[in-house]
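In case you want the letters, here they are:
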Amino acid sequence: MINPLEKVRPRINHFDYKKYPFYVYVYLDPFKPEQTKYKLPGQYLEFAYRPIYVGKATNGAGFRHNQHIAEYLKTGKEVEGTTTIHNETKKQAFKELEKNMELYGSTNAMLPRNWKEYQRDWIIIIKALDNQFELKRFEATVIKTVGTIRRGTGPLVNALLG
């Protein structure tokens, strides 16, 4: 298994998508500092901020992690209510992030002021993997371990329950 990321968690813009086309990423909430440590099989996952979404990318383009924000910016503000709790929960989490960026981002240089700064600094890659099977399994394991709002077991807005 490829894992060049054990010691350093690179920002999204420093990751080699062509070399590692399969990776799992996490959205963090910069407005909720929270030291958390999760035990996964054979390793620990530690965050200094609350994780809110875990996703996977399966191509070398390197843009999957941005699609959630793009979808929100395109439809999240205009469409009231959606057909699944997942979409509504994620939309509310993004609305809260956006509100906090407007309120606190300009007063604290450590916090993002807009979505561009958020994407640059607060979406992190937690593991690169060799293939789609490992990728799906690792994503599901992380989601199950961290827990979802939908299941009442943790902070993630993911629809996939792990």
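Residues numbered from 1 in each chain as written. Predicted model: local features only at pLDDT ≥ 70, side-chain atom pairs only at ≥ 80, totals over all residues. Heavy atoms only, no water.

A. Highlighting the packing of aromatic side chains. Scanning the entire structure with this criterion turns up ten aromatic pairs. The interplanar angle of 50 degrees and the centroid separation of 5.9 Å between the aromatic rings of Y27 and Y118 together place this pair among those described as tilted. One end of the pair, Y27, is in strand 1 (residues 22-40); the other, Y118, is in helix 3 (residues 115-121), and 91 residues separate them in sequence. For Y27, a relative accessible area of 0% gives the class buried. Classification of Y118 as buried rests on a relative accessible area of 0%. The structure contains a cluster of three or more aromatic residues connected by ring pairs, namely Y23, Y25, Y27, Y53, F94, W115 and Y118. Here the basic side chain of K37 rests over the ring of Y44, its NZ or CZ set 4.5 Å away from the ring centre. Over the ring of Y53 we find K90; its NZ or CZ atom is 5.0 Å from the centre of that ring. (Phe/Tyr/Trp six-rings, centres within 6.5 Å; stacked < 30°, edge-to-face > 60°. Helix = DSSP H or I, 4+ residues; strand = E, 2+ residues; numbered from the N terminus. Buried < 20%, exposed > 50% of the residue type's maximum accessible area, 1.4 Å probe, protein only. Lys NZ or Arg CZ within 6 Å of the ring centre and 35° of its normal.)

B. Broad picture of the pairing of strand 2 (residues 43-57). Inspection of the sheet shows strand 1 paired to strand 2 by 13 bridges, in the antiparallel sense. Opposite V26, over in strand 2, you have V54 as the bridge partner. In this structure, the hairpin formed by strand 1 and strand 2 is closed by a connection of two residues, where G42 is found at a positive phi of approximately 80 degrees. (Pairing = 2+ DSSP bridges.)

C. Local environment of the sheet that holds strand 1. Spatial strand order, 2-1-3: three strands in an open sheet with antiparallel pairing. Whereas interior strands pair on both sides, the edge strands pair on one side only; in this sheet they are strand 2 and strand 3 (123-129). Across the sheet, the mean angle separating the axes of adjacent strands is 40 degrees when strand polarity is ignored. Along the sheet, helix 4 (residues 132-146) makes contact with strand 1, strand 2 and strand 3, crossing strand 1 at roughly 25 degrees. (Axes fitted to C-alpha atoms, helices over the stretch in contact; angles between N-to-C directions. Contact = heavy atoms within 4.5 Å.)

D. The pattern of salt bridges, seen in detail. Under the counting rule described, the total for this entry stands at seven salt bridges. Measuring nitrogen to oxygen at the nearest pair gives 3.0 Å for the salt bridge that ties E96 to K32. On the criterion of sequence distance, the pair formed by E96 in helix 2 (residues 85-104) and K32 in strand 1 is long-range, its members being 64 residues apart. For K32, a relative accessible area of 24% puts it in the partly exposed group. Salt-bridge contacts for K91 lead to E88; the nearest nitrogen and oxygen are separated by 3.7 Å. With K91 and E88 both in helix 2, this residue pair falls three residues apart, about one helical turn. Among the residues examined, E88 registers a relative accessible area of 24% and is labelled partly exposed. (Salt bridge = Lys/Arg side-chain N within 4 Å of Asp/Glu carboxyl O.)

E. Up close: the confidence of the model for the protein chain. Taken residue by residue, the protein chain gives an average pLDDT of 80. The fraction at 70 or more is 77%. Of all the helices and strands in the protein chain, helix 1 (residues 64-76) carries the lowest mean pLDDT, 70, while helix 4 carries the highest, 94. Every residue in residues 78-86 scores below 50 in pLDDT, and together they form twelve contacts with partners more than four places removed in sequence or on other chains. (pLDDT = per-residue confidence, 0-100.)

F. Up close: the nonpolar core. Counting 38 residues, the largest nonpolar core has Y27, F47, L97, W115, Y118, I126 and V142 as the members making the most contacts within it. Secondary structure elements with two or more residues in this core: strand 1, strand 2, helix 1, helix 2, helix 3, strand 3 and helix 4. A per-element tally of this core places strand 1 first, with ten residues. Other than its neighbours up to four places away in sequence, V142 contacts L40, L45, V54, I126 and G147. (Core = buried A, V, L, I, M, F, W, Y, C linked by side-chain atoms within 4.5 Å.)

G. Geometry of the environment of R150. With respect to the element layout, R150 can be found in the segment after helix 4. Overall, the relative accessible area of 48% leaves R150 in the partly exposed class. Reaching out from R150, the side chain makes a polar contact with the backbone oxygen of A159 at a distance of 3.0 Å. (Polar contact = N/O pair within 3.5 Å; in protein donor to acceptor, adjacent residues only side chain to side chain.)

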